[in-house]
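A closer look at the structure
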Amino acid sequence: MEKKKKLLVLTGGGDCPGLNAVIRAISKRCQQEKDWELYGSIEGFNGIFKEPHEIMKLTSRYTSGIHVRGGTILKTTNKGNPSNYAIPQADGKVKYVDRTEELAKKIIDLGFQAVINIGGDGSQRISQALFKRGLNIIGIPKTIDNDLLSTDFTFGFQTAVQIATDSFDKLVTTAESHNRVMIMEVMGRDAGWIALHTAIAGGAEVCLIPEIPYNIDKVVERINSRYKNGRGFANIVISEGARISHGEVTATTNEVGSEHVRLGGVAFELSKQLKKAGCVGDIRETVLGHVQRGGSPIAFDRVLATSFGVCAFELILEKKYGRMLVFKNNTISSVSLEEATKSTSLVDKTSLLVKVAEGLGISFGE
């Protein structure tokens, strides 16, 4: 009997709605090819580094019906970058080493013919490093931040926007009832896509994003214009990476092994700035945090994630390695991992959606 080819799939970085839909799609497409079988590495590449290895065979028993579930059955982590791997030392310090060559060899020695890495910009840079070391690898873009350069959308983003918009709608009614200023902080890191889409969908008065540093006096001017005789209300969406024009991003230091500083708390910082600058309204803050990452993906993200999964396996069959799937102009194609990771997709001040927001009277604090 001919030995089957082995395909490895893994999820890395932050979780987002749609990961399980991708895994299911790859599994269902793989099952149609009698000479292939699918395996999953637990917690990204950590499953390969662990001894014994944490790898599971992904039969239909595990993947059937999981497209409706949030999270990932393979677990994930934003630590353990093999290009900059943290190894604790006996003296309590941490040494960072490049283990990509070692990792590629481990995967090949385990008999895997190809790998599908599902992740954001950091994960796809890892994919590129492993491809350079001889690993047959394909990337699938995922992140709620929507900040990968070569694709119009990453799956998970639309669900995060829907969650944020639903929350914003509820804050609008309580703001109006109490004559308050409501500040809602959303995720996105250095990209303001979630905030911008939510502001337009929810009808915000102010939208503050990392790409456009804000002037607090301009923000106060916009809010105060909404009040007359002590009555009025205003709703603000602020991205976690936003900053005042003469200040720094609100963040804490990164954890050992993590690639990013920890953002968050900008809603409360803005609240203090508004009060100090003479905002007339009573202010309340809401930080959505990780609810934007959780729950069942909306239909758009299920379709996009599923399409990515099927098309990724097709690339494997065609032996077109070193590429990442992209959604561009309403179709699925692929670009080289090098092209996909050369920069980040940020909100352009001259873009259509910024112009739409300005046309609606939304202030960016400029």
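First things first, this report covers the structure right here in the doc. (Residues numbered from 1 in each chain as written. Predicted model: local features only at pLDDT ≥ 70, side-chain atom pairs only at ≥ 80, totals over all residues. Heavy atoms only, no water.)

**Digging into the packing of aromatic side chains**
Each aromatic ring pair is specified by the distance between its two centres and by the angle formed by the two planes. The final tally for this structure, using the stated rule, is seven aromatic pairs. With centroids separated by 5.8 Å and ring planes inclined at 85 degrees, the aromatic side chains of phenylalanine 153 and phenylalanine 300 adopt a geometry described as edge-to-face. Of the two residues, phenylalanine 153 sits in the loop between strand S7 (137–141) and helix H6 (157–178) while phenylalanine 300 sits in helix H10 (residues 299–317), which places them 147 residues apart along the sequence. Accessibility expressed as a relative area gives 33% for phenylalanine 300, which makes it partly exposed. Between the aromatic rings of phenylalanine 153 and phenylalanine 327, the centroid separation amounts to 6.4 Å while the plane-to-plane angle is 35 degrees, which identifies the pairing as tilted. Note that phenylalanine 153 is positioned in the loop between S7 and H6 and phenylalanine 327 in strand S14 (residues 323–328), a separation of 174 residues in sequence. Judged by its relative accessible area of 11%, phenylalanine 327 is buried. Three or more aromatic residues link up through ring pairs in this structure, and these residues are Phe153, Phe157, Phe300 and Phe327. Note that lysine 6 overlies the ring of tyrosine 39, its terminal NZ or CZ placed 5.1 Å from the centroid. Over the aromatic face of phenylalanine 49 sits the side chain of arginine 99, whose NZ or CZ is 4.0 Å from the ring centroid. (Phe/Tyr/Trp six-rings, centres within 6.5 Å; stacked < 30°, edge-to-face > 60°. Helix = DSSP H or I, 4+ residues; strand = E, 2+ residues; numbered from the N terminus. Buried < 20%, exposed > 50% of the residue type's maximum accessible area, 1.4 Å probe, protein only. Lys NZ or Arg CZ within 6 Å of the ring centre and 35° of its normal.)

**Some thoughts on a nonpolar patch on the surface**
A grouping of Leu352, Val356 and Leu360 is seen on the molecular surface, where their side chains present a nonpolar patch of about 300 Å² in accessible area. Along the chain, the position of leucine 360 falls in the segment after helix H12 (352–359). On the basis of relative accessibility, which here comes to 55%, the residue leucine 360 falls in the exposed class. (Patch = residues over 30% accessible without salt bridge, like charges linked within 9 Å, V, L, I, M, F, W, Y side chains within 5 Å. Areas by Shrake-Rupley, 256 points an atom, 1.4 Å probe, with all protein chains shown as cover. Salt bridge = Lys/Arg side-chain N within 4 Å of Asp/Glu carboxyl O.)

**Section: the nonpolar core**
Core analysis: the biggest nonpolar cluster contains 64 residues, and Leu7, Ile26, Ile116, Ile118, Ile140 and Phe155 have the highest contact counts within it. Examining the composition of this core, we find that eight residues originate from one element, H6, more than from any other. With near-sequence residues (within four places) excluded, isoleucine 118 lies in contact with Val9, Leu10, Thr11, Gly12, Leu19, Val22, Ile23, Ile26, Gln124, Ile140, Lys142 and Phe155. Counting residues in hydrophobic clusters, the runner-up holds 22 residues, among them Leu10, Phe45, Tyr85 and Val115. (Core = buried A, V, L, I, M, F, W, Y, C linked by side-chain atoms within 4.5 Å. Contact = heavy atoms within 4.5 Å.)

**Section: the sheet that holds strand S13 (residues 282–287)**
Pairing between the strands of a sheet comes from backbone hydrogen bonds, and it takes one of two forms, parallel or antiparallel. Pairing within the open sheet is parallel, and its four strands lie in the order S9-S10-S8-S13. Because the sheet does not close on itself, it has two edges, and the strands there are strand S9 (206–208) and S13. Strand-to-strand, the axes of this sheet are offset by a mean angle of 15 degrees, without reference to chain direction. In the sheet, strand S8 (residues 180–186) pairs with strand S10 (residues 234–239) via six bridges, with the strands oriented parallel. Of the residues in S10, the one forming a bridge with methionine 182 is asparagine 235. Set on the sheet, helix H8 (residues 216–224) makes contact with S8, S9 and S10; between it and S9 the angle comes to about 160 degrees. (Pairing = 2+ DSSP bridges. Axes fitted to C-alpha atoms, helices over the stretch in contact; angles between N-to-C directions.)

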